[in-house]
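# What the coordinates show
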Amino acid sequence: MFPVDRPRRLRRTPALRRLVAETSLQARHLVLPMFVADGITEQREISSMPGVFQHTLDSLSKAAEEAVAAGVGGLMLFGVPRPEDKDATGTGASDPDGILNRGLRALKADLGDATVIMADTCLDEFTDHGHCGVLTPEGVVDNDATLARYVDMAVAQADAGAHLLGPSGMMDGQVAAIRDGLDAAGHTEVGQLAYSAKYASAFYGPFREAVGSSLQGDRRTYQQDAANRREAAHEVELDLAEGADMVMVKPAMSYLDILRDVANISPVPVAAYQISGEYAMITAAAQNGWIDRDAAVLESLTSIRRAGADVVLTYWATEAAGWL
Ligand code: PBG
């Protein structure tokens, strides 16, 4: 007549719930993506990502120090060049004086090995057409010609002091090409956090504002189709065979099934990227008073961890680290 099993017993007090929580979320699990922009004299808030800024070199250092003081596990840096510095091959990406490489050098000078400094290794911020690679005369992204550019970019980022590179362009063979290039340049110690399963997503919208993207069209010839699950495992296996030190799934919240699949097969640490659109959705709903912001942020991060992420890239990294 009464239930024999009463799972509610373990939910009765906060202390009981804390004792039996299966998933933990700690500051070290969080990585802060940051934007450093050329040609601005003051940090600039990104309108579709309230609370996230394009930084000057000075404000970058300050925000990075705050993030590290809050205990985050690492920083992922993106560069935003001046529009007039973009060109067809993304020269600014491999230029030691390009904004991303200057930003990396500044972080390294400030923080040394006190945190993990990561760099986005992709051309889209630096090309005038906004694609992640160089184009054929017909306007198609040329896989193998792009690999050569990624190698130059990777070596410049390693020279600038990055600990981990994040190839995010979804070119075939990018991890192997970068590994060879780094090794040949003497950077055997620099690793790769490979964006292995990266989907063509509408949720990247605010990021395109964040980096002043000039993209016309879409990235569907290189990023994965949201309909595909098995393909993600294939991409991960290829990146592992090519030498990836960590693998990533991106976006996070609409792809938690993929994240679980990858976590189940990966022998290396798994990251997930809670992207700009995920940040914008929660922020906008909270601003309207429709959801409790802090609770929603923690729930989303816990869910990403529960699905299998060892590391979560999130624009809330500093703030959430402060709560934990
Ligand atoms: C491409 C890149 C993108 C993001 C990170 N690296 C976007 C894209 O493919 O257009 C998205 C990050 C975000 O939306 O927060 N280099």
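Structure's up top.
Notes on the structure in this doc start here. (Residues numbered from 1 in each chain as written. Predicted model: local features only at pLDDT ≥ 70, side-chain atom pairs only at ≥ 80, totals over all residues.)

With that settled, the discussion passes to the overall build of the protein chain. In terms of regular secondary structure, the protein chain is built from 12 helices and 10 strands. For 324 residues, the compact-globule estimate of 2.2 N^0.38 gives 20 Å, and the C-alpha radius of gyration of the protein chain, at 20 Å, lies within 12% of that figure. Viewed in the frame of its principal axes, the protein chain has a C-alpha envelope of about 75 × 45 × 40 Å. For the protein chain, buried positions account for 48% of its 324 residues. (Helix = DSSP H or I, 4+ residues; strand = E, 2+ residues; numbered from the N terminus. Rg over C-alpha atoms; globule rule 2.2 N^0.38 Å. Buried ≥ 20, exposed ≤ 12 C-beta atoms within 10 Å, placed from the backbone.)

Gln174, Val175, Ala177, Ile178, Arg179 and Leu182 are the residues of helix H6 (residues 174–184) that are buried. Buried residues in H6 make contact with strand S5 (116–121), helix H5 (143–159), strand S6 (164–167), strand S7 (191–198) and helix H8 (230–242). Trailing H6 by a residue or two, Gly186 shows a phi angle of about 85°, which is positive. (Contact = placed C-beta atoms within 7 Å.)

This next bit is on the site of the ligand. Near the ligand the following residues occur: Asp120, Cys122, Asp124, Cys132, Ser168, Tyr204, Phe207, Arg219, Ile275 and Ser276. A class-by-class count of the residues in the shell around the ligand yields 5 nonpolar, 2 polar and 3 charged. (Near = placed C-beta within 6 Å. Nonpolar A, V, L, I, M, F, W, Y, C, P; charged D, E, K, R; others polar.)

Another aspect to go through is unusual backbone geometry. For the bond from Lys250 to Pro251, the omega torsion is -10°, close enough to zero to count as cis. Its place among the elements puts Pro251 in the loop between strand S8 (246–250) and helix H9 (256–265). Even without being glycine, Met170 reaches a positive phi, approximately 60°. In this fold, Met170 is placed in the loop between S6 and H6. Its 24 C-beta neighbours within 10 Å are what place Met170 among the buried residues.

Core analysis: the biggest nonpolar cluster contains 96 residues, and Val31, Leu75, Leu77 and Met118 have the highest contact counts within it. Top element by residues in this core is H5. It accounts for 8 residues. Setting aside residues no more than four positions away along its own chain, Leu77 makes contact with Met34, Val36, Leu100, Gly103, Leu104, Leu107, Met118, Ala119 and Asp120. (Core = buried A, V, L, I, M, F, W, Y, C linked by C-beta atoms within 7 Å.)

So, about helix H11 (residues 293–306). Because the α-helix completes a turn every 3.6 residues, residues three or four places apart line up on one side. The terminal C-alpha atoms of H11, which comprises 14 residues, lie 20 Å apart, in line with the 20 Å expected from a rise of 1.5 Å per residue. By the burial criterion, the buried members of H11 are Val297, Ser300, Leu301, Ile304 and Arg305. Looking straight down H11, one finds its buried side chains confined to an arc of 135°; they lie on one side. Where the residues of H11 are buried, they touch strand S9 (270–273), helix H10 (276–287), strand S10 (311–313) and helix H12 (317–323). Residue Gly308 follows H11 closely and has a positive phi angle near 130°. (Expected span 1.5 Å × (residues − 1). Arc of directions from axis to C-beta.)

The subject of this paragraph is the environment of Phe78. By the element assignment, Phe78 lies in strand S4 (residues 74–80). Here the alpha-carbon distance between Phe78 and Asn101, two residues 23 residues apart in the chain, equals 9.6 Å. If we skip the residues at most four places from it in the chain, Phe78 touches Pro33, Phe35, Asp120, Glu125 and Val211.

Residue position: Asp97 is located in the loop between helix H3 (91–94) and helix H4 (99–111). Taking the C-alpha atoms as reference points, Asp97 and Ala156, separated by 59 residues in sequence, lie 9.5 Å from one another.

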